[in-house]
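# Architecture at a glance
One letter stands for each residue in the lines below.
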Amino acid sequence: MVSIKYENIGVAYGDFIVVENFNLEIPHGTITTLLGPSGCGKTTVLRALAGFVEPFDGKVFIGDNDVTLLPPQKRNTAMIFQNYALWPHLSIFKNVEYGLKLRENAELAALNSPWFSRFLWVTKPCYFFLTKTHNQAMDYLKETKEEYYSKNQGALTGFKWYLWIGFRWFKAVLKGIDHFVREKKEQIDPKWNYRRKKVLDVLKLVHLEDQAFKNPTQLSGGQQQRIALCRSIVVEPDVLLCDEPLSNLDAKLRKELRTEIRSIIKSLGMTTVYVTHDQTEALAISDRIAVFNIGNIEQYGTPTEVFTDPHTLFVGQFIGISSTLNGKVVKPNTVELGGGEIVKLQVKTDIPVGEEVALVIRPENVSLNTQSNSPIEIEIHTIEYLGTEVKMTGKLKDGNILLLDVVEDAHEYAEMKVGTNLTVYINPAEIFVFVGEDRVY
Ligand code: ATP
């Protein structure tokens, strides 16, 4: 297990600088997610770690090793891509085995004698062709023999008998060649058994060992992504890199697979960097989340930290579902919204009267029953009945929208008409208050 460190790195594509003075430390054995909107630079940061792009400034460390200028194949990282990137012409087994073979290649090249390689090049196709022809011929002969027996009530005679013997002899020769090739292969490729065991072991982890000899096209998207995971972990990389691996899958499968991927990675204890723009996925899969916004990390912490204590307006709005209401401070801990509604706050900081603030409010913190300091009149805008709860949106006087989740008496509220006026209550302790981009506590 190794840690990762980005030290003041800058990465650009031509003149376009994507990240500059970028710093991040990822503890060993954790799943750390780079989370942010499309185009903010998450993949670029991941690629700098894999070695696919070279920073123009700064250093990247894997463990104690400065890998900034190392080529990708020397970094002992493995990557899972959004589009699986499996070889369509190779079986599942060979896809997973591929990485292992690649790492052993130098060793294999040394063991492989050129004459035997040439011998295999010639004999393998011949052997394949002859075996096929032989099997067909034997089938034909068997049929003819049975026909002959039933007609003549006797054994094969004459030409047919010689043909029969000829084929038997031919079969023995083929068996001999096969045996010789196999024996030689084992001498040349002594790690074959080791590789076979490793591949089948990782396929077992994702319960796909019985699909080993199918081609990727015969598997579903979810199964293909499981194979992509196997192919990455089979080489026991120091660092596993995941670039939006679940984006191509449907919602149900994404949910299932993220739980499965997390438990496999955690059982192996691999340091993992995971890129996604899906905040739910990030919250579910990560030990730590770095929330990105245009080449910068806005906040870095555990999923509960970034969810319950957003440090910036961007994080408050990006993580979780929320409404943002803008207003002005009219007296300590009191804000007047655009339509004149008064909202009570509970912050320790003295925000000057007249200061513009943004209030980020989660729907679960808006109540219909628990009366608090901030009753607000809304006009029901939409109602969505989900069985156990009702998701509502309400219009304020200035046209702003407030989201609320109704769990208690959900069936009753589901029957309400759009356009009805309601009084809702916002708990002051649950409001995130921002002046400009910064959180006020
Ligand atoms: P997404 O979630 O959509 O993949 P991202 O956060 O991973 O986005 P990056 O792929 O890192 O974003 O891209 C960051 C910026 O760099 C984007 O503005 C993108 O247009 C640009 N960019 C990415 N790759 C290249 C490239 N090969 N050449 C030029 N610009 C690029």
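Moving on, we get to the overall build of the protein. If you tally the helices and strands in the protein, you get 11 helices and 21 strands. Sequence-distant contacts, at least 24 apart, represent 70% of the contacts inside the protein between residues at least 6 apart. Summed over all atoms, the accessible surface of the protein reaches about 23,500 Å², with 54% contributed by carbon and sulfur.

The next thing to look at is the nonpolar core. Soluble globular proteins: nonpolar side chains tend toward being buried together. Core analysis: the biggest nonpolar cluster contains 35 residues, and V96, L203, I227, L229, I233, L240 and I261 have the highest contact counts within it. At the level of elements, strand 6 (77-80), helix 2 (92-111), helix 5 (192-205), helix 6 (221-233), strand 7 (239-243) and helix 7 (251-268) are the ones that each hand at least two residues to this core. The contacts of I261, once residues within four sequence positions are left out, are L229, L246 and I285. With 30 residues, the next largest nonpolar core counts V335, L337, V347 and L368 among its residues.

Before going further, it helps to examine the sheet that holds strand 20 (residues 432-435). Sheets are built from strands that pair by backbone hydrogen bonding, the pairs being arranged parallel or antiparallel. Taking strand neighbours across the sheet as the criterion, the 6 strands line up as 13-12-11-14-20-21 in an open arrangement whose pairing is antiparallel. Two strands bound the open sheet, and with one partner strand each, they are strand 13 (342-344) and strand 21 (438-440). Across the sheet, the axes of successive neighbouring strands diverge by a mean angle of 45°, strand direction being ignored. Alignment of strand 14 (residues 356-361) against strand 20, held across 3 bridges, turns out to be antiparallel. Across the sheet, the residue bridging to V360 is F432, located in strand 20.

Here we take up the site of the ligand. Neighbouring the ligand are the residues Y13, F16, V18, P37, S38, G39, C40, G41, K42, T43, T44 and E244. S38 is positioned with one of its side-chain polar atoms (N or O) 2.5 Å from an oxygen atom of the ligand. K42 is positioned with one of its side-chain polar atoms (N or O) 2.9 Å from an oxygen atom of the ligand. Contact with the protein chains hides 59% of the accessible area of the ligand, taken as 630 Å² for the molecule alone.

Take the pairing of strand 17 (residues 390-395) next. By the bridge criterion, 6 bridges tie strand 16 (residues 374-385) to strand 17 in an arrangement that is antiparallel. Bridging from a neighbouring strand, T382 pairs with T393 of strand 17.

The next thing to look at is the sheet that holds strand 15 (residues 366-367). On the basis of which strands lie adjacent, the open sheet formed by 5 strands has the order 15-19-16-17-18 and antiparallel pairing. Each edge of the open sheet is held by one strand with a lone partner, namely strand 15 and strand 18 (401-406).

A separate point is helix 5. Under the 1.5 Å per step criterion, the end-to-end length of helix 5 is 20 Å for 14 residues, consistent within 8% with the ideal 20 Å. Residues of helix 5 that are buried include every one of R195, K198, V199, V202 and L203, and no others. Taken end-on, helix 5 shows its buried residues confined to a sector of 130°, consistent with a single buried face. In helix 5, the exposed positions angled more than 90 degrees off the buried face are occupied by N193 and K197.

Turning next to the pattern of salt bridges. Applying the stated criterion across every chain yields a total of 12 salt bridges. In this structure, the salt-bridge partner of K252 is E256, at a minimum N-O distance of 3.4 Å. Placement of the pair is K252 and E256 together in helix 7, with a separation of 4 residues, close to one helical turn. Its relative accessible area of 62% is what places K252 among the exposed residues. Assessed through its relative accessible area of 39%, E256 is described here as partly exposed. A salt bridge links D278 to R254; its shortest N-O distance comes to 4.0 Å. Taken as a pair, D278 in the loop between strand 8 (271-276) and helix 8 (279-285) and R254 in helix 7 lie far apart in primary sequence, 24 residues in all. Because the salt bridges share partners, they merge into one network encompassing R262, K266 and D287.

It is worth spelling out unusual backbone geometry at this point. Look at N8: it is not a glycine, yet its phi comes out positive at around 50°. Owing to a relative accessible area of 37%, N8 belongs among the partly exposed residues under this scheme. The phi dihedral of D409 is positive, around 55°, even though this residue is not glycine. When you line up the elements, D409 lands in the loop between strand 18 and helix 11 (410-414). When its relative accessible area of 41% is taken as the criterion, D409 is described as partly exposed.

On to the pairing of strand 10 (residues 296-301). Bridging between strand 9 (residues 288-293) and strand 10 involves 5 bridges; their strand directions are antiparallel. In the strand pairing of strand 10, I289 is matched with G301. In this structure, the hairpin formed by strand 9 and strand 10 is closed by a connection of 2 residues, where I294 is found at a positive phi of approximately 40°.

Each value, and the rule that gives it
- Note that residues are indexed from 1 along each chain, following the sequence as it is written.
- Per-residue local features of the predicted model are confined to residues with pLDDT of at least 70, and side-chain atom pairs are confined, for both listing and counting, to 80 or more; whole-chain, interface and lining totals are unaffected and use all residues.
- With hydrogens and water set aside, each side-chain value is computed from the structure's full complement of heavy atoms.
- Numbering of helices and strands starts at the N terminus; helices are DSSP runs of H or I of at least 4 residues and strands are runs of E of at least 2.
- In what follows, a contact means two residues having at least one pair of non-hydrogen atoms within 4.5 Å.
- Per-residue and other accessible areas follow the Shrake-Rupley method at a 1.4 Å probe size, with only the shown protein chains counted as cover for residues.
- Residues belong to one nonpolar core when they are buried, are Ala, Val, Leu, Ile, Met, Phe, Trp, Tyr or Cys, and are joined through side-chain atoms within 4.5 Å.
- With a 1.4 Å probe rolled over the protein chains alone, any residue whose accessible area is under 20% of its type maximum counts as buried; one over 50% counts as exposed, and the rest are partly exposed.
- Only strands that DSSP links by at least two bridges are regarded as paired with each other.
- The angle between two axes is taken between their N-to-C directions and runs from 0 to 180 degrees, where each axis is a line fitted to C-alpha atoms and a helix contributes only its stretch in contact.
- It suffices for a single heavy atom of a residue to lie within 4 Å of a molecule or strand for the residue to be listed as near it.
- Polar contact is defined as a pair of N or O atoms within 3.5 Å, subject to the rule that within protein one atom must be able to donate a hydrogen and the other to accept it, and that residues adjacent in sequence are counted only when both atoms are side-chain atoms.
- A helix is expected to span 1.5 Å multiplied by its residue count minus one.
- Regarding the arc, it is the one traced by the directions from the helix axis to the C-beta atoms.
- Any Lys or Arg side-chain nitrogen located within 4 Å of an Asp or Glu carboxyl oxygen qualifies as a salt bridge.

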